[in-house]
Amino acid sequence: MRNWAFFIGTLAAALLLAVKATTPPTPPTMSADPSVASIEGAFAQVERIATEPHSTGSAANARVRAYLLSRLEELGLTVKTTSGVIDSKSQEKLDHWRGEKSAEPTGFVNVVGILEGQDPQLPAIGLMAHHDSVWGSPGAADDTAGVAVILETVRALAAQGKPRRSIVVIFTDAEELGLVGAFQFFREDPLAEKIGAVINLEARGGGGIASMFQTGPGNRESVELYASTVEHPATSSLSAYLYSVLPNDTDLTATLERGGYAAYNIAFIGRSGLYHSPLATPENLDRGALNHMLGQTHALAKALANAEELPQATSDAVFFDAFGVTTIVYSPWLGWVMLALAALGFAIGYRGRGAGDRGILGGATRMMLLLLVGGALLFGLNLLSGAGTGAGYYDRLAAIPKLTIMVGLALLACVSLLWGGKGHGPTARLGAALPLLAIAVASQWFAPTAAYFIVVPVMLVGCVEAIRALNSEGLGRVSAGVVAALVTGYLLALGWQIMQGVGPAMPYAVVLPAGLAVISLLPLWPEQKRPRMLAGVLLVAAVGTALWVRFDPIPPTVAVYSPLKPA
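1. Details of the pattern of salt bridges
In step 1: Enumeration according to the criterion identifies 10 salt bridges in this entry.
In step 2: The salt bridge involving Arg63 is made with Glu52; its shortest N-O contact spans 2.9 Å. Of this pair, Arg63 sits in helix 3 (residues 59-74) while Glu52 sits in the loop between helix 2 (39-49) and helix 3, and the two are 11 residues apart along the sequence.
In step 3: Arg63 sits in the partly exposed class, given a relative accessible area of 46%.
In step 4: Across the salt bridge formed by Arg258 and Glu193, the nearest N and O atoms sit 4.0 Å from each other. Of this pair, Arg258 sits in helix 9 (residues 252-258) while Glu193 sits in the loop between helix 6 (180-188) and strand 5 (195-205), and the two are 65 residues apart along the sequence.

What follows is the structure, encoded as structure tokens:
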């Protein structure tokens, strides 16, 4: 019973850490200081702009544009517009939304403002968001939130007096049609040559933490500035790496194509059913997400605008936030040191406790079964839930909370079946760690900036094994509990973020974080009665959840141009 109490306490601590890591900080009370960026001020801009859908070329878009020009002038910026005509591919998309073919090509208009700094000759800071919405959505999050955050950031910076560097506000048009306005600005506008750093703001959904998920190449100095500046960070080099190799684009793509900028991409992702939704209204926008984006953007823009030297492209760094408290940054080569420590720790744990070879094969087999069979199970359950050909993109986004429950139940069933029963000794734990060590080495070799989420947990668990072998059982137990809470908490948060990002199509991506969490918990594993029965119950519940998703009615949140609109 005592073992169960300690195990449950560790899991509770891990869950609290995961909740902290995935919950935006509470908005502060309103300050009387005009130089403080205010969530109330930002939200007022959202309410003013996101009153109706305002897609490119619409009368509503023209009204939004007129307001932005007026507001920027009120804030003391010199304003201008640049315009053009969208290409045939973008026109096709817009005509599809409208349900009719346009008689002539649709025009787009970027809104640009300049807040002059003390030294206009220094490279300026670009703050970018797109002012168009998709057809049929007020776009309170995508991307009115980004526009509002920039307006409030510029207001607060202007209230503090002239910054050292000029600030260029870039409100692009036709982003939803193919990044049209951003490409025009960075390919044709002379102002693009005068900018040295760019912060782009985006959103998918209606809430969640705001994460700095993409940088430019050679990002070490850029990330170090972020780490020293942002009070409530949310970032990782894993997301930066994945975004660099996957076919995803935002307006920052145009920035990186031109090159030569310190670049930051910040977006919140959560409440994904509201993505491009007719219900993406100011009332349905999470103020916590808006506040999190505002805090990061204002702090980073202030630091960049007053920096003596802007970050330069050097080498890529490994970086991640620790539960929204601080940002950890280190050189990729340290990953090899961590892997050596992991191997040493497991070796000490294995030899120092007089363990034999029995159990290593069993532990390794169980872990491989979790990774392979567990992944296959999640793939099958996802198909059962309605994924695959003919699945509605926006319907699947709305189903992410249920899909997350399905995944959690299925993984718990696998873990109960494979590791239920008695506790597991050092040989079984070493065996379970060996496949993950191999994956860590491969990841460190091929993608060193993305490998940390495997390398760090394996190192910490290896250190626990060494402590348990060399010291008293009490210290070993405490160290095991602390490491298990930290590792499992981080991986629960990572799993949640994976589900938000790719869960509807690739829920099996969470299997690797699940395996890493298991090896951190194995030293505390209590004896479990009837594990097969529990696994069966959990699996039935997972199948039931998959069927619930499959037969649930189409939600009213889906985009109006979706082929699966609700009746």
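That was the structure; now back to the text.
2. What to know about the packing of helix 12 (residues 360-384) against helix 18 (residues 511-521)
In step 1: Two elements in contact, helix 12 and helix 18, have axes separated by 9 Å at closest approach and are oriented at 145°. Once helix 12 is placed against helix 18, the crossing between them reads as right-handed. In contact with Met367, Leu370, Leu371, Gly374, Gly375 and Leu378 of helix 12, helix 18 contributes Val511, Leu512, Ala514, Gly515, Val518 and Ile519.

3. Brief notes about the pairing of strand 8 (residues 318-322)
In step 1: Burial of strand 8 is extensive: 5 of the 5 residues sit out of reach of the surface.
In step 2: Where strand 8 meets strand 9 (residues 326-330), 5 bridges bridge the pair, whose relative direction is antiparallel. For Val318, the partnering residue across the bridge sits in strand 9 and is Tyr330.
In step 3: Hairpin connection between strand 8 and strand 9: a loop of 3 residues separates the two successive antiparallel strands, and Phe323 in this loop has a positive phi of roughly 60°.

4. Let's talk about the nonpolar core
In step 1: In this structure, Met367, Trp419, Tyr452 and Val458 are the most contacted members of the largest nonpolar core, which totals 76 residues.
In step 2: In terms of residue count, helix 14 (residues 400-419) provides more of this core than any other element does, 11 residues in total.
In step 3: Phe43, Val147, Val169 and Ala305 belong to the second-largest nonpolar core, a separate cluster that totals 59 residues.

5. Observations concerning the pairing of strand 3 (residues 124-130)
In step 1: With respect to burial, strand 3 is a largely interior element, 7 of its 7 residues being buried.
In step 2: Burial along strand 3 is two-sided: the residues Ala124, Gly126, Met128 and His130 and Ile125, Leu127 and Ala129 are all buried.
In step 3: Of the pairings in the sheet, the one linking strand 3 to strand 5 comprises 5 bridges and is parallel in character. Each residue of the ladder has a partner; that of Gly126, found in strand 5, is Val198.
In step 4: In the sheet, strand 3 pairs with strand 4 (residues 167-172) via 6 bridges, with the strands oriented parallel. Bridge pairing in strand 4 links Gly126 to Val168.
In step 5: What joins strand 3 to strand 4 is helix 5 (residues 144-159), and the crossover it makes is right-handed.

6. Overview of the sheet that holds strand 3
In step 1: Within the open sheet, the 7 strands sit side by side as 1-2-4-3-5-7-6. Their pairing is mixed. Looking along the sheet, the strands with just one partner apiece sit at the ends: strand 1 (78-85) and strand 6 (210-215). Here the strands of the sheet are splayed against their neighbours by 20° on average, with no regard to which way each runs.
In step 2: One ladder, built from 5 bridges, connects strand 2 (residues 107-115) with strand 4; its direction is antiparallel. When the sheet's bridge partners are listed, Ile114 is paired in strand 4 with Val168.
In step 3: Across the sheet, helix 3 lies against strand 1, strand 2 and strand 4, angled at about 10° from strand 2, the strand it touches most.
In step 4: Lying over the sheet, helix 6 contacts strand 1, strand 2, strand 3, strand 4 and strand 5, oriented at roughly 55° with respect to strand 2.

7. Some remarks on the side chain of Thr235
In step 1: Along the chain, Thr235 falls in the loop between helix 7 (220-229) and helix 8 (237-245).
In step 2: For Thr235, the side chain forms a polar contact with the main-chain oxygen of Met212, separated by 2.6 Å.
In step 3: Excluding residues within four positions of it along the chain, Thr235 makes contact with Ser211, Met212, Tyr226, Phe319, Phe320, Asp321 and Thr327.

8. Things to note about the packing of aromatic side chains
In step 1: As enumerated under the stated definition, the model contains 16 aromatic pairs in all.
In step 2: Ring centres of Phe7 and Trp525 lie 5.5 Å apart, and the angle between their planes is 65°; this geometry places the pair in the edge-to-face category. Linking Phe7 in helix 1 (residues 2-22) with Trp525 in the loop between helix 18 and helix 19 (531-551), this pair joins segments that are 518 residues apart in sequence.
In step 3: Phe7 sits in the buried class, given a relative accessible area of 7%.
In step 4: The interplanar angle of 80° and the centroid separation of 5.0 Å between the aromatic rings of Phe185 and Phe186 together place this pair among those described as edge-to-face. Phe186 carries the same exposure label as Phe185, and that label is buried.
In step 5: Three or more aromatic residues joined by ring pairs form one cluster here, namely Trp97, Tyr275, Tyr393, Tyr394 and Tyr561.
In step 6: Here the guanidinium or amino end of Arg477 rests over the ring plane of Phe6, the centre of that ring lying 4.4 Å away.

9. Concerning the environment of Glu202
In step 1: Within the secondary structure, Glu202 is located in strand 5.
In step 2: Taking C-alpha positions, Glu202 is 8.2 Å from His130, a pair spaced 72 residues apart along the chain.
In step 3: Among residues more than four places away in sequence, those in contact with Glu202 are His130, Asp142, Asp143, Glu175, Thr250, Ile266, Ala267, Phe268 and Met293.
In step 4: At 3.0 Å, the side chain of Glu202 forms a polar contact with the side chain of His130.

10. Section: the packing of helix 14 against helix 19
In step 1: Contact geometry of helix 14 with helix 19 gives a least axis separation of 8 Å together with a crossing angle of 160°. Judged on the interaxial angle alone, helix 19 and helix 14 are roughly antiparallel. The way helix 14 lies across helix 19 gives a crossing that is left-handed. Taking contact as the criterion, the partners of Lys402, Leu403, Ile405, Met406, Leu409, Ala410, Leu412, Ala413, Ser416 and Leu417 in helix 14 are, on helix 19, Pro531, Arg532, Leu534, Ala535, Leu538, Leu539, Ala541, Ala542, Thr545, Ala546, Trp548 and Val549.
In step 2: Classifying every residue of the contact of helix 14 with helix 19 gives 18 nonpolar, 2 polar and 2 charged.

Criteria and thresholds
Residues numbered from 1 in each chain as written. Predicted model: local features only at pLDDT ≥ 70, side-chain atom pairs only at ≥ 80, totals over all residues. Heavy atoms only, no water. Salt bridge = Lys/Arg side-chain N within 4 Å of Asp/Glu carboxyl O. Helix = DSSP H or I, 4+ residues; strand = E, 2+ residues; numbered from the N terminus. Buried < 20%, exposed > 50% of the residue type's maximum accessible area, 1.4 Å probe, protein only. Axes fitted to C-alpha atoms, helices over the stretch in contact; angles between N-to-C directions. Left-handed = near helix turned anticlockwise from the far one by under 90°. Contact = heavy atoms within 4.5 Å. Pairing = 2+ DSSP bridges. Core = buried A, V, L, I, M, F, W, Y, C linked by side-chain atoms within 4.5 Å. Right-handed = clockwise from strand over helix to strand, strands pointing away. Polar contact = N/O pair within 3.5 Å; in protein donor to acceptor, adjacent residues only side chain to side chain. Phe/Tyr/Trp six-rings, centres within 6.5 Å; stacked < 30°, edge-to-face > 60°. Lys NZ or Arg CZ within 6 Å of the ring centre and 35° of its normal. Parallel < 35°, antiparallel > 145°, perpendicular 65-115°, else oblique. Nonpolar A, V, L, I, M, F, W, Y, C, P; charged D, E, K, R; others polar.

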